Amino acid sequence: MEPKKLTELKTLLAEANDLDSAVSVLYWDQATFMPPGGGNARGRQLATLARLHQQKSTNPKIGRLLDGLRSYEESLPFESDDASLIRVARRLYERAVKVPPAFMGRLYQHNAQTFQAWAEARPANDFARVAPYLEKTLDLSREYANFFPGYEHIADPLIEAVEYGMKATSVRTLFGELRRELTPLVHKIAAQPRADDSCLRKVFPISQQAAFGEAVARRIGYDFERGRLDITHHPFTISFAPGDVRITTRYSEAFLSDSLFSTIHEAGHALYEQGVNPAFEATPLGNGTSSGVHESQSRLWENQVGHSRHFWRYFYPQLQAAFPQQLADVPLEAFYSAINKVEPSLVRVDADEVTYNLHIMIRFDLELALLEGTLSIRELPEAWNARYQADLGITPPDDRLGVMQDAHWYDGMIGGAFQSYTIGNILSAQYLQAALRAHPEIPDEMEQGEFATLLGWLRKNLYQHGRKFTASELTERVTGRGIDIAPYMRYLREKYGELYKVE
Ligand code: ZN
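Residues numbered from 1 in each chain as written. Predicted model: local features only at pLDDT ≥ 70, side-chain atom pairs only at ≥ 80, totals over all residues. Heavy atoms only, no water.

Caption draft 1: Representation of the nonpolar core. Formed by 139 residues in total, the largest nonpolar core has its most connected members in Trp301, Trp312, Trp409 and Leu454. In terms of residues, this core owes the most to one element, helix 16 (residues 353-372), which gives 12 residues. For this core, the domains that each give at least three residues are domain 1 (4-151) and domain 2 (168-201 + 275-500). Residue contacts for Trp312: discarding those within four places in its chain leaves Phe212, Leu260, Phe261, Gly306, His307, Pro317, Leu319, Leu332, Phe335 and Ile339. Counting 16 residues, the second largest nonpolar core, distinct from the first, contains Ile86, Val88, Ala89 and Val276. (Core = buried A, V, L, I, M, F, W, Y, C linked by side-chain atoms within 4.5 Å. Buried < 20%, exposed > 50% of the residue type's maximum accessible area, 1.4 Å probe, protein only. Helix = DSSP H or I, 4+ residues; strand = E, 2+ residues; numbered from the N terminus. Domains from an automatic or database assignment. Contact = heavy atoms within 4.5 Å.)

Caption draft 2: Examining the coordination of the zinc ion more closely. Every protein donor of the zinc ion is accounted for by His265 (NE2), His269 (NE2), Glu295 (OE) and Glu295 (OE), and the metal-donor separations fall at 2.1 to 2.7 Å. Taken together, the four donor atoms coordinating the zinc ion and their angles of 52 to 139° define a geometry best described as irregular. Of note, the zinc ion draws all its donor residues from one chain, in the sequence arrangement H-x3-H-x25-E. Note that His265 is positioned in helix 11 (residues 256-274) and Glu295 in helix 12 (residues 291-305), a separation of 30 residues in sequence. Note on His265: relative accessible area 10%, which makes it buried. (Donors = N, O, S within 2.8 Å, 3.2 Å for Na, K, Ca; no water. Tetrahedral: all angles 85-135°; square planar, octahedral: opposite > 155°, others 65-115°.)

Caption draft 3: View of empty space enclosed by the protein. If you walk through the whole model with that rule in mind, you get two cavities of 30 Å³ or more. When its volume is computed, the largest cavity comes out at roughly 50 Å³. Lining the largest cavity are Gln209, Phe212, Gly213, Leu256, Ser259, Leu260, Leu319 and Phe323. If you list the elements that add at least two residues to the lining of the largest cavity, you get helix 10 (206-220) and helix 11. Among the residues forming the lining of the largest cavity, the class breakdown is five nonpolar, three polar and no charged. For the second largest cavity, the calculated volume is near 30 Å³. Among the secondary structure elements, those contributing two or more residues to the lining of the second largest cavity are helix 12, helix 19 (419-438) and helix 23 (486-500). When residues in the lining of the second largest cavity are grouped by element, the largest group, three residues, is from helix 12. Split into classes, the residues belonging to the lining of the second largest cavity amount to two nonpolar, four polar and two charged. (1 Å grid on protein atoms, 1.4 Å probe; cavity = no way out; pocket = protein on both sides within 12 Å on 5 of 7 lines; lining within 4 Å. Points joined across faces, edges and corners; volume = space filled by probe spheres on them. Nonpolar A, V, L, I, M, F, W, Y, C, P; charged D, E, K, R; others polar.)

Caption draft 4: Highlighting the layout of surface pockets. By volume, the second largest pocket amounts to about 520 Å³. Breaking the lining of the second largest pocket down by element, the ones donating at least two residues are helix 13 (309-322), helix 19, helix 20 (442-447) and helix 23. Among the elements that make up the lining of the second largest pocket, the one with the highest residue count is helix 23 (six residues). When its residues are assigned to classes, the lining of the second largest pocket shows eight nonpolar, five polar and five charged.

Okay, here's the thing in structure tokens:
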């Protein structure tokens, strides 16, 4: 029998969760179908709901119920659903009560205005227009961090909000290790002849791209009965419940990779959310556990699966049939080499697997500098361009392809926004290695267009748990160790060693 206090707790948490889901629906609408004229009202609506959500989730009654449930929690195994729910609810509650509801209201209102300004300023290449908004974002980000006094680095509370247990120092150390291993590989590949990706840069009518992207998402297991695919500026996945997990994409007629791989990426996020135990709906366990583990799934499906030979041995004939004029006389190997072309580039979301993490490290370092106060918003475009020149050897021709390319700083806080992509890349290789150890037949099945064994393994070992375990608990359970760059580097060296004939 469930204790009465737990039933009461679940009721309160469900109300808070419903307000949060309503915020998500309004955000999804803003980023997909809302006309520009809706911007101001939407900002106010989001602010109201965010404030109410913050009030509901910091109701002192939740605190009292959590206290009253301590002995029940301790009587249960750590892994039990009830113990996990109480443990995770307590952790989130203790964080939430530190942030005043009025602050969340101000933040959401500001975010909605900033996002709107960015959406208009970006195509116009007008950084000056968004700079005042970003200055306020930086102030708000610092204000948020200061609700958690006692941090080592001002970015820590922002990182911990999405990546529980990680801090600026631990991320810096991890990135430092990765950079040392990655940079020589980037240089060796750069010394080789560039792959030819002209087969991806023809005219690809959008309706066929949409049909093919949908078919791929469906085939790997994305459930359209519990989701949908729409168009946006900056693709994202959003979950209102395990039964309604939506993905978005954007199309470029002139470049096939853009939508195709972003659709697979978002479908990977969505497979995770659709795979959460439905019993966790409307509880704090009902979502993926951290941004890093989330990115591990989007990147696993996008790259390790979606950029593999096995995957395309099955899908390429279908792609050729969808685009006969463009691809009929392009052999599979030429296509495989094109989609895996390594080249220092300006846009993170289009970057190849090898140079991708350099884009993240640039953003992470700039975020820390902004929060520390050693870099100002006005100096940001120049600092951005200088780092691209230093790390990738190229300079953005304008801010549209530079500092204004990502939505992140324009729809949320500065800090905590980027590290998870690289953490996800590292984890994705650890998880896939564990899956392949359990099921060496997975690559052969992919060649037949079968993904059920891989998806089933991921659901059983990762997805179903939702937020029950932290990223490090989950990684420990699945791989027997903590985060480790070795499997990721081995994967990159093997794949790109063969493609570029380097050691
Ligand atoms: Zn993602």
